[in-house]
Amino acid sequence: MSIGHTLLGLLEAGPRHGYDLKRAFDEKFGHDRPLHYGQVYSTMSRLLKNGLVEVDAVEAGDGPERKRYAITEAGVTDVERWLTTPEKPEPYLQSTLYTKVVLALLTQRNAADVLDVQRAEHLRGMRILTDRKRKGDLADQLICDHALFHMEADLRWLELTAARLDKLRQAVTR
Amino acid sequence: MTPPPGSLLCAEQLRKVYGPTVALDGAEFSIHPGEVVAVMGPSGSGKSTLLHCLAGIVTPDSGTIMYQDRELSAMSDGERSALRRSDFGFVFQFGQLVPELTCVENVALPLRLNGTPRRPAEQAALKWMERLEVDDLAKKRPGEVSGGQGQRVAVARALVTEPRVLFADEPTGALDSLNGERVMELLTDAARTTNAAVVLVTHEARVAAYSDREIVVRDGRSRDMERAV
Ligand SMILES: Nc1ncnc2c1ncn2[C@@H]1O[C@H](COP(=O)(O)OP(=O)(O)OP(=O)(O)O)[C@@H](O)[C@H]1O
Ligand SMILES: [Mg+2]
């Protein structure tokens, strides 16, 4: 996730201090991983350098927490572009799982076990998310659903691969 | 066979053959009161056959099924159907409601068949319809409600006798994900309040994620995924 774009988007509602931005971020998006202050300030200084935000007010004293940031026109355009550009579908997990399965076949290990163990792990993760979803508010539900659909896609791939293991073995050991 | 401690329903070495097809080939199963167990696996692997055997609808060619301390195969047909009516509830993918009856009459039906008079039966039915959030459909006929609503009515009907075991074969198979998950949420909540065990056949991982544990059936053999890891 792009922290920069998210912080920019939060600034569209009005100028905020760094600590206030962090709080807003954590509350809305930081379910698993709250931001570090360092991340906020390094991101803000990058956005400043690129002209996407400006310092709108500085309180007396020193330290980065004194600055209040406002989004610039260029910043708004940047958020707009980010929101209207689709993300690359990430094939991140499949490539690791595929490697494991092929390697298991090549080394005469039990590839079905590799798949089954992964399958059980995925379902365990899905149970935890489902539980969190049941207890949570709408925001939790939407976030958990996204993760659930992804894990489901992985699981379907695991099933399909399990069903094609014999063919895959022939193909890779030829 | 000695059932695992605390088990309500369990099966060992189940084998069922249909002509040349081996539907079950040494399947095992066990469930505690209040537990939700998902039965997963590819199409044709024997999931429904396993469920039907466990529920005493189909008799396996060999193997043992114990419900509490009784062996299912040692019972007469009459005893088995009495057990199904008193202790088991069923939800299937579709077409289970009687079209001529209103929804509340459908839900009350299992109680009526057990001899409960109309009024208390329909009162109990309404209570379950409230729990499944379909009490406003009481006077409608199944043809006048949506698939998701009908499925909730069917769940209410399966639970109205407060069964010890609820058998559900693809209960959300005909629903979209939002409705399917709502049905699962209500079904598992309702089962938990009565401490019923749920045998849930599904091929959808998101539905299985409502279970406590899953087994996978492949080629008529079951694998307990707890033990896979
Ligand atoms: N009454 C029957 N007569 C003949 N063959 C049957 C019968 N019931 C099941 N079978 C066969 O037994 C095998 C297992 O069927 P079963 O219905 O248990 O599969 P399943 O896992 O529930 O599949 P699905 O996910 O498609 O519902 C299949 O090959 C099926 O064709
Ligand atoms: Mg089936």
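Everything below is about the structure printed above this text.
The shown structure was predicted, so the numbers you read here are calculated from the model rather than taken from an experiment.

Draft legend 1. How the structure looks around the overall build of chain A. What chain A contains, in helices and strands, is eight helices and three strands. Each helix and strand of chain A, ordered N terminal to C terminal, gives the series α-β-α-α-β-β-α-α-α-α-α. Computed over its C-alpha atoms, the radius of gyration of chain A comes to 23 Å, more than 25% above the 16 Å expected for a compact globule of 174 residues. Based on the C-alpha atoms only, the size of chain A along its principal axes is roughly 70 × 40 × 30 Å. A burial count over chain A gives 36% of its 174 residues as buried. When contacts within chain A are restricted to residue pairs at least 6 apart in sequence, long-range pairs at least 24 apart make up 54% of them. Surface exposure of chain A reaches about 10,900 Å², of which carbon and sulfur atoms provide 55%.

Draft legend 2. Representation of the overall build of chain B. Secondary structure summary: chain B contains seven helices and ten strands in total. Scaling as 2.2 N^0.38, a compact globule of 229 residues should have a C-alpha radius of gyration of about 17 Å, and chain B matches this with 17 Å. In terms of its C-alpha atoms, chain B occupies a principal-axis envelope of roughly 45 × 40 × 35 Å. Residues classed as buried in chain B amount to 54% of the 229 residues present. Put simply, 70% of the contacts in chain B that link residues at least 6 apart link residues at least 24 apart. Split by element, the accessible area of chain B, about 9,800 Å² in all, is 48% carbon and sulfur. With 26 positive and 31 negative side-chain charges, chain B shows a spacing of 3 Å between the two charge centroids.

Draft legend 3. Main features of helix α2 (residues 18-28) of chain A. Those residues of α2 of chain A lying buried are G18, D20, L21, K22, A24, F25 and D26 of chain A. In the core, the buried residues of α2 of chain A are packed alongside α1 (3-11), β1 (16-17), α3 (37-49) and β3 (67-71) of chain A.

Draft legend 4. Structural view of the site of ligand 1. Residues and elements named next belong to chain B. Close contacts around ligand 1 come from Y18, T21, A23, P42, S43, G44, S45, G46, K47, S48 and T49, and that covers them all. In this structure, an oxygen atom belonging to ligand 1 sits 2.5 Å away from a side-chain N or O atom of S43. Here S45 contributes a backbone N or O atom positioned 3.2 Å from an oxygen atom of ligand 1. Protein chains bury 57% of the 630 Å² of accessible surface belonging to ligand 1 in isolation. Of all elements in the fold, only β2 (21-31) and α1 (47-54) reach the threshold of two or more residues within the shell around ligand 1. Here the shell around ligand 1 gets three residues from one element, more than from any other, and that element is α1. In terms of residue class, the shell around ligand 1 is built from three nonpolar, seven polar and one charged.

Draft legend 5. Spotlight on the packing of aromatic side chains. Residue and element names in this part refer to chain B. Under the counting rule described, the total for this entry stands at five aromatic pairs over all chains. The interplanar angle of 15° and the centroid separation of 5.4 Å between the aromatic rings of F90 and F167 together place this pair among those described as stacked. Of this pair, F90 sits in strand β6 (residues 88-91) while F167 is found in strand β7 (residues 165-169), placing the two residues 77 residues apart along the sequence. Clustering of aromatic rings is evident, with ring pairs tying together Y67, F88, F90, F92 and F167.

Draft legend 6. Looking closely at the environment of L175 of chain B. Following the sequence through the fold, L175 of chain B ends up in the loop between β7 and α6 (177-194). Sequence-wise, L175 of chain B and G56 of chain B are 119 residues apart; in three dimensions their C-alpha atoms are separated by 27 Å.

Draft legend 7. A look at unusual backbone geometry. All names here are of chain B. The backbone of E133 sits at a positive phi, close to 60°, despite the residue not being glycine. Classification of E133 as partly exposed rests on a relative accessible area of 39%. With a phi angle near 50°, D219 is a residue other than glycine that sits in the positive phi range. Examined against the element boundaries, D219 turns out to sit in the loop between β9 (213-218) and β10 (221-224).

Draft legend 8. Main features of the sheet that holds β1 of chain A. Residue and element names in this part refer to chain A. Pairing in this open sheet of three strands is antiparallel, and the strands run β1-β3-β2 from one edge to the other. Looking along the sheet, the strands with just one partner apiece sit at the ends: β1 and β2 (53-58). In the sheet, β1 pairs with β3 via two bridges, with the strands oriented antiparallel. Opposite H17, over in β3, you have R68 as the bridge partner.

Draft legend 9. Here's a closer look at the side chain of T161 of chain B. If you trace the backbone, T161 of chain B turns up in the loop between α5 (147-159) and β7. Owing to a relative accessible area of 17%, T161 of chain B belongs among the buried residues under this scheme.

Draft legend 10. Fine view of the interface of chain B and chain A. On the chain A side, the residues contacting the 22 residues of chain B number 19 residues. Across the chain B/chain A interface, buried area totals approximately 1,800 Å², and carbon plus sulfur atoms make up 49% of it. Where chain B touches chain A, the interface holds eight salt bridges. Its salt-bridge partner being E152 of chain A, residue R206 of chain B comes within 3.0 Å of it at the nearest N-O pair. Along the contact surface separating chain B from chain A lie ten residue pairs in polar contact (both at pLDDT 80 or more). At the level of secondary structure, the elements contributing two or more residues to the side of chain B that touches chain A comprise α6, α7 (205-208) and β9 of chain B.

Draft legend 11. Spatial organisation of the environment of D61 of chain B. Residue and element names in this part refer to chain B. Within the secondary structure, D61 is located in the loop between α1 and β4 (62-67). Look at D61 and you get partly exposed, because its relative accessible area is 46%. With residues near it in sequence (within four places) discarded, D61 still touches R15, K16 and V17.

Definitions and cut-offs
Residues numbered from 1 in each chain as written. Chains lettered and ligands numbered in written order. Predicted model: local features only at pLDDT ≥ 70, side-chain atom pairs only at ≥ 80, totals over all residues. Heavy atoms only, no water. Helix = DSSP H or I, 4+ residues; strand = E, 2+ residues; numbered from the N terminus. Rg over C-alpha atoms; globule rule 2.2 N^0.38 Å. Buried < 20%, exposed > 50% of the residue type's maximum accessible area, 1.4 Å probe, protein only. Contact = heavy atoms within 4.5 Å. Areas by Shrake-Rupley, 256 points an atom, 1.4 Å probe, with all protein chains shown as cover. Lys, Arg positive; Asp, Glu negative; His and termini not counted. Charge placed at Lys NZ, Arg CZ, Asp CG, Glu CD. Near = heavy atom within 4 Å. Polar contact = N/O pair within 3.5 Å; in protein donor to acceptor, adjacent residues only side chain to side chain. Nonpolar A, V, L, I, M, F, W, Y, C, P; charged D, E, K, R; others polar. Phe/Tyr/Trp six-rings, centres within 6.5 Å; stacked < 30°, edge-to-face > 60°. Pairing = 2+ DSSP bridges. Buried area = accessible area lost by both parts, 1.4 Å probe. Salt bridge = Lys/Arg side-chain N within 4 Å of Asp/Glu carboxyl O.

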